[in-house]
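Observations on the three-dimensional arrangement
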Amino acid sequence: MRIDEKLTDYVVEQVVRLVKTPSLAGHTDAAVGYVEKELTAMGVEHRRTGRGALLVTLAGRDPGPQRALTAHVDTLGAMVKELGKDGSLLFTSVGGYALGTVEGEYVTVETTSGKLVRGTILFDEPSAHVSKKVHDTKREFENMRIRLDAEVRDQKAVSKLGIAVGDYVHFDPRCEVTDTGFIKTRHLDDKAGVACLLGSLKALADSGQRPRLTTHFLFSTSEEVGFGASSGIPPEVTELVAVDMGAVGKGQESDEYSVCICAKDSTGPFDYALRQRLVKLCRTQKVPYKVDVYPFYGSDAAVAVRAGLDAVTGLIGPGINASHNLERTHRKALAATVRLVLAYVAGEK
Ligand SMILES: [Zn+2]
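Calculation criteria
- Residues numbered from 1 in each chain as written.
- Predicted model: local features only at pLDDT ≥ 70, side-chain atom pairs only at ≥ 80, totals over all residues.
- Helix = DSSP H or I, 4+ residues; strand = E, 2+ residues; numbered from the N terminus.
- Rg over C-alpha atoms; globule rule 2.2 N^0.38 Å.
- Buried ≥ 20, exposed ≤ 12 C-beta atoms within 10 Å, placed from the backbone.
- Contact = placed C-beta atoms within 7 Å.
- Domains from an automatic or database assignment.
- Nonpolar A, V, L, I, M, F, W, Y, C, P; charged D, E, K, R; others polar.
- Axes fitted to C-alpha atoms, helices over the stretch in contact; angles between N-to-C directions.
- Parallel < 35°, antiparallel > 145°, perpendicular 65-115°, else oblique.
- Left-handed = near helix turned anticlockwise from the far one by under 90°.

**A few points about the overall build of the protein**
- Broken down by element type, the protein carries eight helices and 19 strands.
- For 349 residues, the compact-globule formula gives about 20 Å, and the C-alpha radius of gyration of the protein, at 21 Å, lands near that figure.
- Considering only C-alpha atoms, the protein reaches an extent of 65 × 40 × 40 Å along its principal axes.
- For the protein, with 349 residues in total, the buried portion stands at 47%.
- Contacts in the protein between residues at least 24 apart in sequence constitute 77% of all its contacts with a sequence separation of at least 6.

Next up, the structure:
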């Protein structure tokens, strides 16, 4: 199926809305609720799994094996670990990232009563006029703090604000869509994948087309902390394709303008025949693609297999520059990913 600029606009819009919807592992209801609303609007039936993920099942034209596609709504953030003596907060990460990539980020602390308090992640001696340590000290969780935008000078005052250990900390996404077609923002991993699945479902719903084989779409909720698609995929599925970011960087084939097909990640090679079929679909449909190896990477596909899913797996997704950092992709990569998903779902043998 060809896709038009209007559908790509829709996908970009979904990315923007999704990255602005907080969704840390264990606390993904807002993002899941958003996806639910979007599916309802397009008339696509869905249900929540026991772990709070969303499952869509599209009945196939032919009987036979079933397939699944998955993308994860959860993303990176932090949690309050300790109230500092000076009224700042110490934090622990939710998901994995280098501390240098969040230093200086504006954040929102969400208390259990729903109150939102703004703050900034800083080194604990951040002023260049006061300490030389800011220049060359290795950033560790012990020397990083959240400076709250409230007049608090001790732990008691912070407690009075309603902030406590275990509160979630959301990073500002800093989302910007440029007139050159880039989307630069935190959380493209994997909200870009979620947006691509939404775009694919919308194209199918609008055209009234059905997949050749029964196909499930799982929006998982805890991939960044290692659970992801460990549950929720029906046991009848014999082929699973995770839609997650392509790793762009030094020495990588992946780029921000293509759908990236992973040959091997940290967990090992993906199914060879499935990979070949995905490449063939890109070639015949003239979808820009790259085949790549990701050196430090795991996805919902590996999690599902480890949990006992008896299926072959593949991994595709838009190329994301500076992953788990200030990420960026281009609308071309989103369009390419949607086109490959649609070609895969539509009916190749
Ligand atoms: Zn991911």
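There's plenty left to go through after this.
**Focus on the domain arrangement of the protein**
- Looking at the assigned domains, one finds that the protein contains domain 1 (5–75 + 187–346) and domain 2 (77–171).
- Here domain 1 and domain 2 have C-alpha centroids that lie 33 Å from each other.
- Considered class by class, the residues forming the side of domain 1 that touches domain 2 number four nonpolar, four polar and one charged.

**Digging into the packing of helix α1 (residues 5–19) against helix α5 (residues 188–207)**
- Look at α1 against α5: their axes get within 8 Å of each other, and the N-to-C directions meet at 140°. Overall, the two elements α1 and α5 adopt an arrangement that is oblique. Crossing geometry of α1 relative to α5 is assigned as right-handed. Across the interface between the two elements, Leu7, Tyr10, Val11, Gln14, Val15, Leu18 and Val19 of α1 pack against Lys191, Ala192, Val194, Ala195, Cys196, Leu198, Gly199, Lys202 and Ala203 of α5.
- In terms of residue class, the contact of α1 with α5 is made up of 12 nonpolar, two polar and two charged.

**Observations regarding the packing of helix α6 (residues 272–285) against helix α8 (residues 331–346)**
- At a closest axis distance of 10 Å, the pairing of α6 and α8 adopts a crossing angle of 110°. The orientation of α6 relative to α8 falls into the category roughly perpendicular. Residue-level inspection shows Leu278, Leu281, Cys282 and Gln285 of α6 in contact with α8, the latter providing Arg339, Leu340, Ala343 and Tyr344.
- Of the residues belonging to the contact of α6 with α8, the class tally is six nonpolar, one polar and one charged.

**Section: the environment of Arg48**
- Tracing the sequence through the fold places Arg48 in strand β1 (residues 47–48).
- Taking the C-alpha atoms as reference, Arg48 lies 27 Å from Ser93; in sequence the two are 45 residues apart.

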